[in-house]
Amino acid sequence: MGSEGRASAGGVRSVWLRSRRTSRSGEPPLTRERIVEAAVALLDEEGIERLTMRRLAERLAIVAPSLYWHVETKDDVIDLAVDAIFGEVPPVAGEPSHWREDACAVLSVWRAALLRHPWAAAVPARRRPTIGPHFLAGMEALQATLVRAGFTGKGLSAATWALYNHVMGSAASETALHITPEERRLGQEQLQGNRDRYPTLAARGYLYDDDWDGSFATGLDYLLDGLQAQLDRAR
């Protein structure tokens, strides 16, 4: 059954907001943890488009109906898998004067996780909330860092989402863009041929700009500089 058709009664779609079922007598030795481990491996190898409940069951060497005791939909599996990859975010409890370094630590771990698991980079943009315990621990570390720095109210929310969107957008772009050397060459030639319309892109080698690490780090510095300026102005 499709993921939308199996949504729980009452409109609670998130696996994190539904009660977890207990084991049934005589059911196969299957746990949510085993399901998540197999799902992450399958997603890493084949991508999100190839994930189905049937393929996941085959990987676990079980019949598909057994999965539905632990998860109701494919979206449940994806939500669990996404949270699992964010399990490496360390707790941050630094000093207010080190808030930039602490924020960078959280965001860098998030980005590394997304780049190790490229299928996950676009998942947080879906309509379902990202509220698994591992992700929330990272978000707690980020917001606690910003609070220590002095952000409050709407400023705290704006700062949080500016940083979140930077790391998610950077990782999504890096993992989604696939361009061959020949496509770069021909594309840049086309820009040169239309440099009256695109003078800056033609002059700056737009299609050869793929320093993802450098662009992420520099963009993050720009954001943090702007946030620091807001703090300074408020004081």
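Since we're looking at a predicted model, the values are computed, not measured.

Caption draft 1: Molecular detail of the overall build of the chain. What the chain contains, in helices and strands, is 10 helices and zero strands. Secondary structure elements of the chain occur, N-terminal to C-terminal, as α-α-α-α-α-α-α-α-α-α. Scored against the burial criterion, the 235 residues of the chain give a buried share of 39%. Counting every atom, the chain has about 13300 Å² of accessible surface; 54% of that belongs to carbon and sulfur.

Caption draft 2: Spotlight on helix α5 (residues 99–116). Here α5 spans 26 Å end to end across 18 residues, near enough to the 26 Å set by a 1.5 Å rise per residue. Taken as a whole, α5 has its buried residues at W99, D102, A103, V106, L107, W110, R111, A113 and L114. Down the axis of α5, the buried set is contained in an arc of 165°. They therefore lie on one face. Packed against the buried residues of α5 are α4 (74–85), α6 (133–149), α7 (153–176) and α10 (212–234).

Caption draft 3: Broad picture of α10. Between the first and last C-alpha of α10 there are 33 Å, a value that for 23 residues agrees with the 33 Å anticipated at 1.5 Å per step. Along α10, the residues that are buried comprise F216, G219, L220, L224, L227 and L231. For α10, the elements touching its buried residues are α5, α6 and α7.

Caption draft 4: Broad picture of a nonpolar patch on the surface. The grouping of Y198, L201 and Y206 at the surface amounts to a nonpolar patch, some 270 Å² of accessible area in total. By secondary structure assignment, the location of L201 is in helix α9 (residues 199–203).

Caption draft 5: The arrangement of the environment of H166 in detail. Assignment of secondary structure puts H166 in helix α7. Judged by its relative accessible area of 17%, H166 is buried. Separated by 57 residues in the primary sequence, H166 and L223 place their C-alpha atoms 8.8 Å from one another. The residues touching H166, leaving out its near neighbours within four places in the chain, are S215, F216, G219, L220 and L223.

Caption draft 6: View of unusual backbone geometry. Unusually for a residue other than glycine, A61 sits at a positive phi of about 60°. Mapped onto the elements of the fold, A61 is located in the loop between α2 (53–60) and α3 (64–67).

Caption draft 7: Spatial organisation of the packing of aromatic side chains. Taken as a whole, this structure holds seven aromatic pairs when the rule is applied. Look at F135 and Y164: their rings are 6.1 Å apart centre to centre, the planes differ by 85°, and that puts the pair in the edge-to-face class. Here the residue F135 occupies a position in helix α6, and Y164 occupies one in helix α7, the gap between them amounting to 29 residues. Accessibility assignment for this pair places F135 and Y164 in one class, buried. Ring plane angle 80° and centroid distance 4.8 Å describe the contact between W161 and Y164, whose orientation is recorded as edge-to-face. Separated by three residues within a single helix, W161 and Y164 lie in helix α7, roughly one turn from each other. By way of ring pairs, the aromatic residues F86, W110, F135, W161 and Y164 are connected into one cluster.

Caption draft 8: Representation of the nonpolar core within the structure. In this structure, L56, L67, W110, L142 and F151 are the most contacted members of the largest nonpolar core, which totals 54 residues. Beyond its immediate chain neighbours, meaning those up to four positions away, L56 contacts I35, A38, A39, L42, L51, L67 and V77.

Rules used throughout
- Residues numbered from 1 in each chain as written.
- Predicted model: local features only at pLDDT ≥ 70, side-chain atom pairs only at ≥ 80, totals over all residues.
- Heavy atoms only, no water.
- Helix = DSSP H or I, 4+ residues; strand = E, 2+ residues; numbered from the N terminus.
- Buried < 20%, exposed > 50% of the residue type's maximum accessible area, 1.4 Å probe, protein only.
- Areas by Shrake-Rupley, 256 points an atom, 1.4 Å probe, with all protein chains shown as cover.
- Expected span 1.5 Å × (residues − 1).
- Arc of directions from axis to C-beta.
- Contact = heavy atoms within 4.5 Å.
- Patch = residues over 30% accessible without salt bridge, like charges linked within 9 Å, V, L, I, M, F, W, Y side chains within 5 Å.
- Salt bridge = Lys/Arg side-chain N within 4 Å of Asp/Glu carboxyl O.
- Phe/Tyr/Trp six-rings, centres within 6.5 Å; stacked < 30°, edge-to-face > 60°.
- Core = buried A, V, L, I, M, F, W, Y, C linked by side-chain atoms within 4.5 Å.

Spatial relationships are all this shows, so hold off on functional conclusions.
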